Amino acid sequence: MPAETEKLTIDLGTDTGAFHGGASGTLYGLYGEGVPSRNLVEGMHVRTVSTKAQDGTQHPGADALEVLPAFVDSGGKDVYIYMTDIYRGFPYQWPGATGEERLADFKGKVEKQVRQVLTMGAYKSHVVYVPFNEPEGNMFGTGEWSYDKVSWRTDPTHFFAAWKDFHHLIKDLDPDARIAGPNTSILYAEVRGFLEFAKANDVLPDVMTWHELSSPAEIRTNVAKYRRMEKDVGIDPLPININEYAHNYHLSVPGQVIQWMSAIEESKIDADMAYWNIDGNLNDSAVEANKGNGQWWLFNAYGQLTGHTVQVAAPRPNVQYTLQGVATFDPGKRQCRALFGGRSGAADVVFEHADVLGSAVHATVQEIPWTGQVGASAQPLRLQDRELTVRDGKVTLSLTDLNEMSAYQVILSPGGKGAVGAPPSVGWRGSYEAENATYTGSGHSKNGPEGSPSDVDKFATSSGYNVGGLRTGSDGALAFDVEVPQDGTYDLSVFANSYNQYELVKEQGPTNVFLRVDGKDPQELRLPLGYKWVVWGHTDTRVTLTAGKHTLTLSAQDPDLGLTKGDAIIDKIDLALRDAHVTAPALYEAEYSTLGGGARVSYAHRGASGPGAVALPPGGTATFWVHASLDGETTVTVDQLGGGEGSLKVNGENVGRIEHGGVPLFLVGGINKITVTGTSGRLVLDRLRVGPSRGRLKSTVYAAEEGILTGAARVAAYPFATGGKAVDAIGKGTANALALTVTAASSGRHALTIRYSNGEQPPATHYNPDPVCRHADISVNGANPQRVLFPTTLHFNNFWDLTVPVTLKKGTNTLTFTADELPDFDGDTSNQYQQRSPYAPVIDQVTVTPLA
């Protein structure tokens, strides 16, 4: 019996306040400049960051004052400094034989931190100090490393005295300082006593913080509970930041995160996603340096909400693991946007008072699928694009085949102008679970259940189970029976994982397995690495299939190709017909873009590709977040209606005026920021179309081993490097360097796409793996070097691409790569726990391409 169709009702006539955007916060989500890229940070609309004290030894990277400038420049609001994370361990291992000695040591470190912040100029105003973190389990708890092994919840004397002392210390040094606290692990009843003390002693926090490692329902309940505390104590409402929320089971999964997002937005507070894994990846939103997964695209959509939120009535309000959502109405744009998800099956999305948009509406429906923690995602899938008649003030979208792991977006605009709906961006697709496939041979294991509502510390997995057995020494084979509707080429994604620190995986890195279609056409696939088991990514390839049934086999041995090395688990495979829906250029409607400088949406233009267009006066801007699968040339077409002129900027680089027809532009793999600016006349912008390369930008590849090596830098064997060789041991002093001579056909801006690996990972203090970003100082023709961070590739035999823009002169140019250990902020100390590497990454090759 099919599940009952549920109803989500969105009332455009009930205003619930200005859109806040507070759910897009991150704890330890930024490592340093470029990791993640500014595109990822700005495009995710990250509002707040909680991170470690500058030069803290808690984890590698994420130093507060190193992430601060780039974050603010990317549109960020506040950086919350966990001042306690100057120490190792959790509970914090602060030195001293007595509580008084330990507190004195910490006080000295807090004073130093504040004095460092005071050197940051205008950026200082974006800092919020967090003097204590989870004090009931750390400094003022009952454990070995506490002040006196008495919880402040039992006797708050020492904690309250310390809070008052540190509050005065910080404010005396920085009178404009904002201080946050008490930063408890949950909202304890004893927080009321803290407020009473703080009010009586004039040391109230400027921002109230606590953690919600609970459920979305608890967000609403506890915010209301805290507001009652304020009222009872007699203090004005304080800003709130829930600076740790959600669990492994939720993070990376759009259909789970939307439920937290709706509760946070409804409460009009800030909140930071919890840090369970590696830092610098936006809490499992970022892949590599510049790619987003499904969760990133959800936050990209959330950050583009404008206007005021409106009432959303869920079928089971405030119940986790059910259909929930958030919606806004912007009367200036005459646009309603709704984000929802959390349930599989069918749902009716009802928009009440939709007649504010007219007698007809244009509806665009998109799916934001789960692609795994380390699995990159293309832009959201367009499911529907059509016009609907408003009846009795209502519009109903009846949706079927919803996936509980996906989130969905509906954009409503005025209709009735004869706009022709765009086709779906994908036609036929199918998904096949590994646990339902047939396993033959040795070593089989069915693993699970994995993460679930009753076990949120584990990771989400499609259908809750996965299959192991494809490993070194195995003769196992996993056969999927599939059926496809027509002859053609199909995109195949294998959702898989290998744990990078597992013994069988350490030798080679990515686990290789072998794919056959009906026993033929063998391919070798390298499966994605993860920082833990059950951390999913996907390996993508293409297969040719005829209409009907087929067997796709993944095996650990192939008579033609060899043997598996490593150990892998398989979650599922996805198939999608690679037809005209998929190969057509991606469409980005101007009326859905982010507008500035007086740009406005207009629905008066018949012939526009969607419901409307954007009028750009001189200086007006329209910004698009555009996906590219690889670093390299892409054809970008700017469609406009009528006259007017404009310029184009890609990832902060000016690439010239807009032209009629497609132009070749270099896009980085993953997320690209493309901005159209009006320059003269009245430019009416219809859309962007982003299509495949036409081979007009000439790229030249330079093998690293053909460069000039000095000092200890050397050519070494790396099986998965191009030609099996790459250059390592660059760094630990500028004498150990790589120099490459490259040629440019003309002077100007070029992309250096560096194929590299970085597997450096020192021992961690607890559950967070602690991989280290290496860096390279890249000098062009002897000029001052540009410092570039390279995120972990999880193994030295796992190579990724990272692109750096540089200016080259016509003819020959010399690129020099060096590195050395970075000092601490004051320049007179260094990290003693291998958390700052002296080395550059292993470099395989460098590709040089003009930007435009």
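Note: the structure precedes this text.
Structure report, in brief. Here the structure is a predicted model, which is why all the values come from computation and not from measurement. (Residues numbered from 1 in each chain as written. Predicted model: local features only at pLDDT ≥ 70, side-chain atom pairs only at ≥ 80, totals over all residues. Heavy atoms only, no water.)

## Notes on the sheet that holds strand S54 (residues 811-818)
Next up, step 1: Ordered in space as S46-S49-S54-S51-S52, the 5 strands form an open sheet in which the pairing is antiparallel. Both outer strands of the open sheet, strand S46 (708-710) and strand S52 (786-790), are each paired with one neighbouring strand and no more. Mean inter-strand twist for the sheet, computed between neighbouring axes without regard to direction, equals 25°.
Next up, step 2: As judged from the 7 bridges shared by strand S49 (residues 737-744) and S54, these two strands associate in the antiparallel manner. Considered in S54, the bridge of Thr-741 is made with Thr-814. (Pairing = 2+ DSSP bridges. Helix = DSSP H or I, 4+ residues; strand = E, 2+ residues; numbered from the N terminus. Axes fitted to C-alpha atoms, helices over the stretch in contact; angles between N-to-C directions.)

## As for the sheet that holds strand S38 (residues 621-628)
Next up, step 1: Strand order in the open sheet formed by 5 strands is S35-S38-S43-S40-S41, with antiparallel pairing between adjacent strands. Two strands bound the open sheet, and with one partner strand each, they are strand S35 (594-596) and strand S41 (653-657). Going across the sheet, the axis of each strand differs from the next one's by a mean of 25°, ignoring polarity.
Next up, step 2: Strand direction decides the pairing type here: S35 and S38, joined by 3 bridges, are antiparallel. Looking across to S38, one finds that Leu-595 is bridged to Ala-622.

## Focus: the packing of aromatic side chains
Next up, step 1: All chains considered together, the criterion is met by 32 aromatic pairs.
Next up, step 2: With a centroid separation of 6.0 Å and an interplanar angle of 20°, the aromatic rings of Phe-340 and Tyr-408 are classed as stacked. Of this pair, Phe-340 sits in strand S14 (residues 335-341) while Tyr-408 sits in strand S19 (residues 407-414), placing them 68 residues apart in sequence. Each member of the pair, Phe-340 as well as Tyr-408, is classed as buried.
Next up, step 3: Between Tyr-502 and Trp-533 the ring centres are 5.2 Å apart and the planes differ by 65°, which places this aromatic pair in the edge-to-face class. Of the two residues, Tyr-502 sits in the loop between strand S25 (488-499) and helix H9 (503-506) while Trp-533 sits in the loop between strand S28 (529-530) and strand S29 (537-545), which places them 31 residues apart along the sequence.
Next up, step 4: The ring of Tyr-833 carries the charged tip of Arg-88 above its face, separated from the ring centre by 4.1 Å. (Phe/Tyr/Trp six-rings, centres within 6.5 Å; stacked < 30°, edge-to-face > 60°. Buried < 20%, exposed > 50% of the residue type's maximum accessible area, 1.4 Å probe, protein only. Lys NZ or Arg CZ within 6 Å of the ring centre and 35° of its normal.)

## What to know about the packing of helix H3 (residues 99-117) against helix H4 (residues 157-173)
Next up, step 1: One way to put it is that H3 packs onto H4 with a least axis distance of 10 Å and a crossing angle of 25°. Relative to H4, the element H3 is oriented roughly parallel. Crossing of H3 against H4: the hand is right-handed. Residues Leu-103, Phe-106, Lys-107, Val-110, Glu-111, Val-114 and Arg-115 of H3 touch H4, and the partners they reach there are Ala-162, Asp-165, Phe-166, Leu-169, Ile-170 and Leu-173.
Next up, step 2: Residues of the contact of H3 with H4, tallied by class, amount to 9 nonpolar, no polar and 4 charged. (Parallel < 35°, antiparallel > 145°, perpendicular 65-115°, else oblique. Left-handed = near helix turned anticlockwise from the far one by under 90°. Contact = heavy atoms within 4.5 Å. Nonpolar A, V, L, I, M, F, W, Y, C, P; charged D, E, K, R; others polar.)

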